[in-house]
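# Observations on the model geometry
What follows is each chain in one-letter form.
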Amino acid sequence: MNKYLTAMLAWSVWVCGALAQGDLIPPGAPSATMRTLEQIEPRQIISALPFSITNPGAYAVTGNLSLGSGNGIEVTAPDVTIDLNGFVLTGDPLGSGHGIKVAAGVENVKIRNGVLRDWGGDGIHAPDAGFLSIRDIQIYGVGGNGVAMNKGELIDAIAKDAGLAGVARTSHDMQKSIIQNVRAIANGGGGVVLVGMGAIQISQSELSGNTGDGISWVSTAVGEALDLDLDTCRVNGNTGDGLKIIDANTVRVTCRFSGTSFEDNGGDGIHIDLAAADCFMKIDGVEGECSRNGGDGINIDMPGTDARLFIKFAGVEGQSNKAMDNGGNGVTIVLSPVSSFIKLMDVKGEFTSNGGHGLYVEGGDKGSIDLEGSDFSANILDGLIVLGDDGIKPGSVRRVNASGNGTQGISVRGGIWRFSGCRAADNGGDGIRAELPVSGVNRWGEMIFEANDLVGNSGAGLSVPPVAGSITGTVVVAGGFVSGNATGGIIIADDDIQSGSVSKVVVTGNGEHGIVSAGESLSITDNLVFRNVGSGILIEGNGHHLSGNQCSENIVGIELVGIHNAMRESTLSGAAQIPFLDAGGNVTAPLQAIDAGTNPLGNNAF
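Worth saying up front: this structure is predicted, and the values here are computed from it rather than measured. Throughout, residues of each chain are indexed from 1 in the direction in which the sequence is written. The model is predicted, so local features are restricted to residues of pLDDT at least 70 and side-chain atom pairs to those at 80 or more, both for listing and for counting; the totals for chains, interfaces and linings are taken over all residues. Heavy atoms from the whole structure form the basis of all side-chain values; hydrogens and water molecules are not counted.

Tallying secondary structure elements over the protein chain gives two helices and 53 strands in all. When a residue's accessible area, from a 1.4 Å probe over protein chains only, is under 20% of the maximum for its type it is buried; when over 50% it is exposed; and in between it is partly exposed. Evaluated residue by residue, the protein chain yields a buried proportion of 55% over its 606 residues. The contact definition used throughout considers only heavy atoms, calling two residues in contact when any of these lie within 4.5 Å. For the protein chain, restricting intrachain contacts to residue pairs at least 6 apart in sequence, the fraction spanning at least 24 positions comes to 62%. For the protein chain, the exposed area adds up to about 23400 Å²; of that, 54% sits on carbon and sulfur atoms. Helix and strand definitions follow DSSP, with helices as H or I runs of at least four residues and strands as E runs of at least two, each counted in order from the N terminus. Working definition of accessibility: Shrake-Rupley area with a 1.4 Å probe, residue cover restricted to the visible protein chains.

Our focus in this paragraph is the side chain of Gln 408. Following the sequence through the fold, Gln 408 ends up in the loop between strand E31 (396–398) and strand E32 (410–413). By relative accessible area, Gln 408 is classed as buried at 16%.

It is worth spelling out the packing of aromatic side chains at this point. Two aromatic rings, drawn from Phe, Tyr or Trp (for Trp, its six-membered ring), form a pair once their centres lie within 6.5 Å of each other, and the interplanar angle then sorts them: stacked below 30 degrees, edge-to-face above 60, tilted otherwise. Taken as a whole and judged by the stated rule, the model has five aromatic pairs. With a centroid separation of 5.0 Å and 10° between ring planes, the pair formed by Phe 351 and Phe 376 is classed as stacked. Linking Phe 351 in the loop between strand E27 (349–350) and strand E28 (359–362) with Phe 376 in the loop between strand E29 (366–372) and strand E30 (384–387), this pair joins segments that are 25 residues apart in sequence. Phe 351 gets classed as buried once you look at its relative accessible area, which sits at 2%.

For the rest of this paragraph, the subject is the pattern of salt bridges. By definition here, a salt bridge exists when the distance from a side-chain nitrogen of Lys or Arg to a carboxyl oxygen of Asp or Glu is within 4 Å. The tally for this structure, following the rule as stated, stands at 19 salt bridges. The shortest N-O distance in the salt bridge between Glu 350 and Lys 322 comes to 3.9 Å. Here Glu 350 is found in strand E27, whereas its partner Lys 322 is found in strand E24 (residues 321–322), with 28 residues between them in sequence. Classification of Lys 322 by relative accessible area gives partly exposed; the value is 23%. The residue Arg 398 makes a salt bridge to Glu 372 at a minimum N-O spacing of 2.5 Å. Taken together, the residues Arg 398 in strand E31 and Glu 372 in strand E29 connect sequence positions 26 residues apart. Through salt bridges with shared partners, one network takes in Asp 370, Glu 372, Arg 398 and Arg 399.

Take the pairing of strand E3 (residues 57–61) next. For E3, the tally of buried residues reaches four of five residues, placing the bulk of the element in the interior. By this definition, two strands are paired if DSSP reports at least two bridges between them. Two strands pair when backbone bridges link them, and strand E1 (residues 43–46) and E3 are joined in this way by four bridges, in the parallel orientation. Pairing of Gln 44 across the sheet is with Tyr 59, part of E3. Direction of pairing for E3 relative to strand E6 (residues 80–83): parallel, over a ladder of four bridges. Each residue of the ladder has a partner; that of Ala 60, found in E6, is Asp 83.

Turning to the environment of Val 556, a few remarks are in order. Mapped onto the secondary structure, Val 556 falls in strand E48 (residues 556–560). In this structure the C-alpha to C-alpha distance between Val 556 and Pro 579, which are 23 residues apart in sequence, comes to 5.7 Å.

Nonpolar cores were defined as sets of buried Ala, Val, Leu, Ile, Met, Phe, Trp, Tyr and Cys residues, with membership established by side-chain atoms within 4.5 Å. By size, the foremost hydrophobic cluster in this structure holds 124 residues, and its most contacted members are Ile 73, Ile 124, Ile 202, Leu 228, Ile 333 and Ile 490. In terms of residues, this core owes the most to one element, strand E10 (residues 124–140), which gives seven residues. Sequence-distant contacts of Ile 202, defined by excluding residues within four places in its chain, comprise Ile 179, Val 192, Leu 207, Ile 215, Leu 228, Asp 229, Leu 230, Asp 231 and Cys 233.

Bringing empty space enclosed by the protein into the picture now. Residues are said to line a cavity or pocket when one of their atoms sits within 4 Å of a point; the points come from a 1 Å grid over protein atoms alone, cavities being sets where a 1.4 Å probe fits but cannot get out and pockets being open sets with protein on both sides within 12 Å along at least five of seven lines. Grid points are joined across faces, edges and corners, and a volume is the space filled by probe spheres set on the points. Following the criterion strictly, the structure yields two cavities of 30 Å³ or more and no others. Here the second largest cavity defines a volume of roughly 40 Å³. Contributing to the lining of the second largest cavity are Phe 449, Asn 452, Leu 454, Leu 462, Val 477, Gly 479, Gly 480, Val 482 and Ile 490. Elements that contribute at least two residues to the lining of the second largest cavity include exactly strand E36 (444–455) and strand E38 (472–483). Classification used: nonpolar for Ala, Val, Leu, Ile, Met, Phe, Trp, Tyr, Cys and Pro, charged for Asp, Glu, Lys and Arg, polar for all others including Gly. Taken together, the residues of the lining of the second largest cavity sort by class into six nonpolar, three polar and no charged.

Our focus in this paragraph is unusual backbone geometry. Across the junction of Leu 49 and Pro 50, the peptide omega takes the value 0°, indicating a cis bond. Along the chain, Pro 50 turns up in the loop between E1 and strand E2 (51–53). A positive phi angle, close to 60°, is found at Asp 264, a residue other than glycine. We classify Asp 264 as partly exposed; its relative accessible area is 40%. Positive phi outside glycine occurs at Arg 292, with the angle close to 60°. Along the chain, Arg 292 falls in the loop between strand E21 (278–284) and strand E22 (298–302).

Bringing the environment of Val 251 into the picture now. As for its position among the elements, Val 251 is in the loop between strand E18 (243–247) and strand E19 (252–258). Each C-alpha atom, one on Val 251 and one on Ala 275, is 9.5 Å from the other, the two residues being 24 residues apart in sequence.

Looking now at the environment of Phe 310. Following the sequence through the fold, Phe 310 ends up in strand E23 (residues 308–314). In the structure, Phe 310 is positioned 28 residues away from Lys 282 in sequence and 8.3 Å away in space, judged by C-alpha atoms. Leave out the neighbours within four places in its chain, and Phe 310 touches Cys 279, Phe 280, Met 281, Phe 341, Lys 343 and Met 345.

Scored from 0 to 100, pLDDT reflects the predictor's confidence in each residue. Model confidence for the protein chain is summarised by a mean pLDDT of 86, while 84% of its residues fall at 70 or above. Scored below 50 in pLDDT, residues 1–26 shows two contacts in the model against residues more than four places distant or in partner chains. Taken as a whole, residues 28–34 scores under 50 in pLDDT and shows one contact with residues more than four places along the chain or in a different chain.

This is the structure in structure tokens:
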């Protein structure tokens, strides 16, 4: 053998021997390297009822359990977790107490994953406990409340057929509680009953078909407050109100509603009655409805002095809030006429087909109302009615539709009003009826009407009626179309109107006079007035200036009854009409009746 080959073989044997270390027989199955759930969170077993928990820790139910009398599980220790493991705890409706009872003052109790059925008391009873967390729980047919709690969270739960409320929450501080994805339905004492001060958020929940109110709140002491947030909820078909907030002690109520419906309730959709408080309400228009309720869609009554109400009906693009087909008004707001404040902001909605008014507002000696793009149509009474004083100073009423109502399309009384681009047609009374208030601070009213269509109403298109004891004011009508109204086109009958103008309006085919003014010192200019059954323009007041008007085919073109009225450069045409009548001896107007031709003041009749 080659000596080099012999040397290599020897070296290989030495290396292999050096590397071959340890036992070649497998050591067996590997041992566990992870801890079990019991090792991580040791759980004590609940295998029979009644069961008392006196120490912190985790507890688990191992099967369906029942009990004929007493409470099922009682908790007197903090920091407890109870896992029902999907099992059912059943009581006796005639003899048992609460399904799970948490003692007063006990903090941080968690209840999970199971069913409580047929207990004589509450399903879960913890009205005086501390923070409570309830998840994945179903409660059926208990004699008391489904859940009675103080503060905490109730998530992914059902409370059905309880003798009292589905959820009853009693709170003594403003710590927020959460109710999420909860169905409180067909309960005997309401869906969710809130008592005492607190902040609560209810989302993605259904609170429907309950005897009583869907949600209700009342305070327990003077000075308490409520902060309520409803997001994507259905509060429908309850025998009482959808939401009821009623109290004499409250200092502040704040409500925010987004995408929530209050429909088909026996009372009002939303009912708020506060004797002396501030109320802040925001309603977003994502499928938000207060419709088909037996009473009003929304009813807010704040009769106390110094009350302040702020409401924002915030529609979103392509959507709006709805208060439709209610037995009463779509929305009712009543405040004290003395020392109260109202602000309606960005009101966008459909207030239609209600048994009363579309939107009714009364009282409030300070504040403003801002309406845009809303529909106030087909109501049994007025579409929109606001009865305020001269402290009401709306920013504007823009592009609203108030048509087909049983009485007035729009009826207002207040200090300063501006209507722009509105339509009021086919109403049983006036298209727009605007009154000066009878009392107030500023002692002056102002009404401005711009480019409105007032058509086919059984009353006047625009009416400013006389009001005994009203303050003085001004009326400005600029542009627009006033046609086919049974008792006249524009009728300014209040002699407390001391200034203003009517200009560039088309007034045609009205059942009586086209334009009437009993006020003082108005300017009537550049109007097209034709085919009205009475006078095209009738001036009953004094000191008016008329110029540039074209009046044709009326019974009388222009008729002056008051004194010191001047008519210049007007055109009076049409064989069927009497061009001009002067019954008042107006020294600055033509003294003679105009038969034909142009007189020295530039008036032309032919």
